[in-house]
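A look at the structure
Here is how the chains run, residue by residue.
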Amino acid sequence: MESIDYLAEERKKAEFNVDEMKIVWAGSRRAFEVSDYISKLVADDPDLSFIFIECHRGIQGFSKEERTMLPRKELFKNTLRKSAYSWKHIIDHQLSEEEAERLRYFVDEPAFIDSHLGVFIPAIKGQGTKEQLKKWLPLAYKMQIIGCYAQTELGHGSNVQGLETTATFDPRTDEFVIHSPTLTSSKWWPGGLGKVSTHAIVYARLITDGKDHGINGFIVQLRSLEDHKPLPGITVGDIGTKFGNGAYNTMDNGVLRFDHVRIPRDQMLMRVAQVTKDGKYVQSDVPRQLLYESMVYTRQALVTYASGALSRAVCIATRYSAVRRQFGSQNGGQEIQVIDYKTQQSRLFPLLASAYAFRFVGEWLKWFYTDVTQRLQANDFSTLPELHATTAGIKSLTTTATADGIEECRKLCGGHGYLCSSGLPELYAVYVPACTFEGDNVVLLLQVARFLMKTVSQLSSGKKPTGTIAYMGKIEHLMQCRSDVEQAKDWLKPSAILEAFEARATRMSVACAQSLSKFDNPEEGFQELAPDLVEAALAHCQLIVVSKFIEKLQQDIPGEGIKQQLEVLCCIYALFLLHKHHGDFLVTGYITSKQGLFANEQLRALYTQVRPNAVSLADAFNHTDHFLGSILGRYDGNVYPKLYEAAWKDPLNESDVPDGFDEYIRPLLKQQLQTARL
Ligand SMILES: Cc1cc2nc3c(=O)[nH]c(=O)nc-3n(C[C@H](O)[C@H](O)[C@H](O)COP(=O)(O)OP(=O)(O)OC[C@H]3O[C@@H](n4cnc5c(N)ncnc54)[C@H](O)[C@@H]3O)c2cc1C
């Protein structure tokens, strides 16, 4: 039977070509085609016809339907099955590395394989010598070994220098002895460690000849490759159930302890520093920051994932807001679609705009990361500090905004948003640790602040700032200029927006630097002023996102109405931030309160402009119903019958009379609690 599209009227209102926008969203026609093909491969799961996999309740293929209802052990086993099944797909369909990454993305289930491919392999690539790459990468790429990234300990995460695990060199046997000297030195959190990984990159204090040389990475085998049992001296397990149903509980985040475990000397990752046979510590000319290159890689990737996660929540909330009606029926007509309420628009449309903004800054960050890594190969390390600060800052900004945005989308869906079948609770639960892993978001902004303070302090020495901090080169102008906005529509000019964000960021950084200079001890000053420094760092990062969106619009973007829509979204993103952080712009003296009110007036007008296009802008994300995993966000908008249907699939509804009636409900009703066995 032909299905009805309940959102067809909304789709007819679009003032742009949705198919062309899908390509802009994907980054290129090729990227779109790969994503489209792989997402459908996963959603349709064609191999199911001949593969029979026995599983709890008959779950097969890439189904996600019952994930939030499964007990942890079954959930985890099912994830193992899906990972193996994905790997089989990758081999059977001879998928490229890019396609394989897309496949894992659309399978949409955190698993050990993510740590293996996403951090273990990049860590070896970034920190290993040529010989080490030759030995370990083929094994890892074929999954003959499975690895994880074991840095965080029970006692220390953010403070990497505080890690306690030791790697002491024994020149007699040419080995390192890996040891966990205290309870707090237990490795704690690494994904894939608990139950699956056979190997780990273990970060430990390198000790040779009684001297501590700081933290270094070591490849350590944890489990037998025959029976998967932990090797002698290794204690390893899962750290326990995490937040939410389903969600990140598919991942075996682990705990690991070492009791004097010996590994050969050549399992120390030696690109940055070496230990010779006689125990001499030799630092190479490669900067120590490269030790954390894999974190930089992961952080830039997390920015694109942020746009993906936010776009899912926004897609669900936008479609549902167009389906949902409340109040305002006249003469027996239909009630108002909740998407037409200005309050709904003022909460939803900035998130829609943010999803696009994060997409474009993610695209740019990927380019920047590639550019810096190419320079590194030519021993040019000049842009490495900027890359560190930028990936840290943009990861922090986008993941915080995305986690908050998903929760806002849940609220935008009212009561039904609280049901797991809306897809939003699980999306939030699975996403929110991104604010913590790969660096706590506040700690990351403090790193950006250090970079900014250094930049400001170097301005007087004549060092010309470049790249994302080039704007500081215009410090004299930016410290004294005033906004020339005279009416609301003047805020549509990219130059007006850009100067506002540059002036605000510069003034906040300079104010922090001036306050810092009053302290005799700069470190004490930094601690005291940390909240202001975090705000200055955020202002700088918001400027980057806004400026990259504006830069994107300067490119040639073909397609009917595409550029106009993106211009509207760009202005919504920037003016929403200006409205939200109104105080910053006022206090730093760049705008008057009247100009602030103009920004808000313009914002409201932009919401009206985006309204007819909202559903189509969400369609342009090209999410399949399988990937969205949401009844509220269904493409066809057929929400109510499907919600009703889904309720009856809950295990509680398997019988009319619940298990426990005889023991606990009947005695209550019959006033027999005194004799009941409770
Ligand atoms: C789901 C998940 C997966 C993970 N996967 C891995 C993995 O694969 N491998 C791995 O090694 N680790 C992993 N981790 C660990 C993760 O990297 C750490 O949790 C993270 O770096 C934060 O460190 P922490 O837990 O020590 O937080 P803490 O640093 O203890 O943070 C606690 C609070 O203190 C604040 N704080 C800390 N330092 C400062 C400071 N200098 N100034 C101001 N405030 C500060 C923070 O902002 C935060 O509010 C994972 C964590 C999670 C949640």
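Values in this document were obtained by computation on a predicted structure and should not be read as measured data. (Residues numbered from 1 in each chain as written. Predicted model: local features only at pLDDT ≥ 70, side-chain atom pairs only at ≥ 80, totals over all residues. Heavy atoms only, no water.)

**Some remarks on the packing of aromatic side chains**
The relative placement of two aromatic rings is captured by the distance of their centres and the angle of their planes. Let me state the cut-off plainly: Aromatic pairing here means that ring centres of Phe, Tyr or Trp (its six-membered ring) are within 6.5 Å. Orientation follows from the plane angle: under 30 degrees is stacked, over 60 is edge-to-face, and everything else is tilted. We call a residue buried when its accessible area falls under 20% of the maximum for its residue type, exposed when it is over 50%, and partly exposed in between, using a 1.4 Å probe and counting protein chains only.
Within this structure, the stated rule accounts for 22 aromatic pairs. Judged by centre distance (5.2 Å) and plane angle (70°), the ring pair of Tyr105 and Phe106 falls under edge-to-face. Each of the two residues, Tyr105 as well as Phe106, counts as buried. Seen from their ring centres, Trp364 and Phe368 are 5.3 Å apart, and the 20° between their planes marks the pair as stacked.

**Quick notes on the UniProt feature "domain: Acyl-coenzyme A oxidase N-terminal" (unreviewed entry) in the chain**
This is how it is decided: UniProt positions are given in the numbering used here, feature names are shortened, and annotations may be inferred rather than shown by experiment. Numbering goes from the N terminus for both helices and strands, where a helix is a DSSP run of H or I of at least four residues and a strand is a run of E of at least two.
With numbering matched to this structure, UniProt assigns "domain: Acyl-coenzyme A oxidase N-terminal" (unreviewed entry) to residues 62–146. Between the first and last C-alpha atoms of residues 62–146 the distance is 22 Å; the span itself is 71% helix and 0% strand.

**Considering the side chain of Arg504**
Using the following cut-off: In what follows, residue pairs with any heavy atoms lying within 4.5 Å of each other are defined as contacts.
With respect to the helices, strands and loops of the structure, Arg504 is situated in helix H14 (residues 494–516). Filtering out sequence-adjacent residues up to four positions away, Arg504 remains in contact with Ala539, Gln542, His581, Asp584, Phe585 and Thr588.

**Description of unusual backbone geometry**
In this model, Asp108 sits at a positive phi of 65°, which is unusual for a non-glycine residue. Considering the arrangement of structural elements, one finds Asp108 in the loop between helix H5 (97–107) and helix H6 (112–127). Positioned with a positive phi, His260 is a non-glycine residue whose angle comes to about 50°. Mapped onto the secondary structure, His260 falls in the loop between strand S8 (254–258) and strand S9 (261–264).

**With respect to the state of the cysteines**
Stated precisely, the cut-off is as follows: To count as a disulfide, a pair of cysteine sulfur atoms needs to be within 2.5 Å.
Using the criterion set out here, one finds zero disulfides in the structure. Summary of cysteine pairing: Cys481 is not part of a disulfide, and the nearest cysteine sulfur, belonging to Cys512, is at 18 Å. For Cys481, a relative accessible area of 6% corresponds to the buried category. Unpaired in terms of disulfides, Cys570 finds its nearest cysteine sulfur in Cys571, a separation of 5.5 Å. The exposure class assigned to Cys570 is buried, which follows from its relative accessible area of 4%.

**Re the confidence of the model for the chain**
Quick note on the threshold: A residue's pLDDT is the confidence the predictor assigns to it, expressed on a 0 to 100 scale.
Put simply, the chain has an average pLDDT of 95, and 97% of its residues get 70 or more. Of the regions scoring below 50 in pLDDT, residues 46–57 engages in 24 contacts with residues more than four places distant in sequence or in other chains. Predicted as a complex, the structure gets a pTM of 0.96 and an ipTM equal to 0.99.

**Concerning the site of the ligand**
Where we set the bar: What makes a residue near a molecule or strand is one non-hydrogen atom of that residue sitting within 4 Å of it. Identification of polar contacts relies on pairs of N or O atoms within 3.5 Å, with a donor-acceptor requirement for protein atoms, meaning one able to donate a hydrogen and the other able to accept it, and with residues adjacent in sequence counted only if both atoms are side-chain atoms. Reported accessibility uses the Shrake-Rupley method at a 1.4 Å probe radius. Residues are deemed covered only where the shown protein chains occlude them.
The full set close to the ligand counts 18 residues, and Tyr149, Gln151, Thr152, Ser158 and Asp440 are the nearest of them. Between the ligand and Gln151, the relevant distance is 2.9 Å, taken from an oxygen atom to a main-chain nitrogen or oxygen of the residue. In the model, a nitrogen atom of the ligand is placed 2.7 Å from a nitrogen or oxygen of the Thr152 side chain. Relative to its unbound accessible area of 970 Å², the ligand is 64% covered by the protein chains. The element best represented in the shell around the ligand is helix H12 (residues 441–459), accounting for three residues.

**Looking at the packing of H6 against helix H7 (residues 130–141)**
The following threshold applies: Fitting a line to C-alpha atoms yields each axis, with helices limited to the stretch in contact; the angle taken between N-to-C directions then spans 0 to 180 degrees. Just so you know how the angles are binned, under 35 degrees is roughly parallel, over 145 roughly antiparallel, 65 to 115 roughly perpendicular, and the rest oblique. Take the far helix as the reference: if the near one is turned anticlockwise from it by less than a right angle, the crossing is left-handed, and if turned clockwise, right-handed.
For the pair H6 and H7, interaxial distance at closest approach is 9 Å and the crossing angle is 170°. In terms of their interaxial angle, H6 and H7 are classed as roughly antiparallel. At the point where H6 passes H7, the crossing takes the left-handed sense. The segment H6 lies against H7, with His116, Phe120, Ile121, Ile124, Lys125 and Gln127 engaging Gln132, Leu133, Trp136, Leu137, Ala140 and Tyr141.

**Considerations on the packing of helix H2 (residues 18–26) against helix H9 (residues 342–377)**
Convention followed: Residue polarity follows a fixed list, in which Ala, Val, Leu, Ile, Met, Phe, Trp, Tyr, Cys and Pro are nonpolar, Asp, Glu, Lys and Arg are charged, and the others, Gly among them, are polar.
Taken N-terminus to C-terminus, the directions of H2 and H9 make an angle of 50°; their axes are 9 Å apart at the nearest point. On the basis of their axis angle, the class for H2 and H9 is oblique. On H9, the residues touching Met21, Val24 and Trp25 of H2 are Ala355, Tyr356, Arg359, Phe360 and Glu363. Here the contact of H2 with H9 is built from residues that sort into six nonpolar, no polar and two charged.

**So, the domain arrangement of the chain**
It is common to give the size of an interface as the accessible area that goes away when the parts come together. Applicable threshold: Domain limits in this description derive from either an automatic procedure or a database domain assignment. Here the quantity called buried area is the accessible surface, traced with a 1.4 Å probe, that two parts lose on coming together, added over both. Each salt bridge in this description consists of a side-chain nitrogen of Lys or Arg and a carboxyl oxygen of Asp or Glu lying within 4 Å of one another.
What the domain assignment reports for the chain is domain 1 (31–117), domain 2 (130–284) and domain 3 (293–464 + 475–619). Measuring from the centre of the C-alpha atoms in domain 1 to the corresponding centre in domain 2 gives 28 Å. On the domain 2 side, the residues contacting the 16 residues of domain 1 number 23 residues. Taking both partners together, domain 1 and domain 2 bury about 1,600 Å²; carbon and sulfur atoms supply 65% of that area. Interface area lost by domain 1 to domain 2 is led by Arg72, Phe112 and His116, which between them contribute 40%. The interface formed by domain 1 and domain 2 contains one salt bridge. A salt bridge links Arg72 to Asp238; the shortest N-O distance between them is 3.0 Å. Counting across the domain 1 and domain 2 interface gives seven residue pairs in polar contact (both at pLDDT 80 or more).

**So, the nonpolar core**
The cut-off we apply is this: Definition of nonpolar core: a set of buried residues of the types Ala, Val, Leu, Ile, Met, Phe, Trp, Tyr and Cys, connected through side-chain atoms within 4.5 Å.
Counting 127 residues, the largest nonpolar core has Tyr356, Trp491 and Leu566 as the members making the most contacts within it. Tallying contributions element by element places H9 first for this core, with 17 residues. With near-sequence residues (within four places) excluded, Leu566 lies in contact with Met21, Val24, Tyr356, Phe360, Phe549, Leu553 and Ile557. By size, the runner-up hydrophobic cluster in this structure holds 25 residues, among which are Phe169, Leu206, Leu222 and Phe258.

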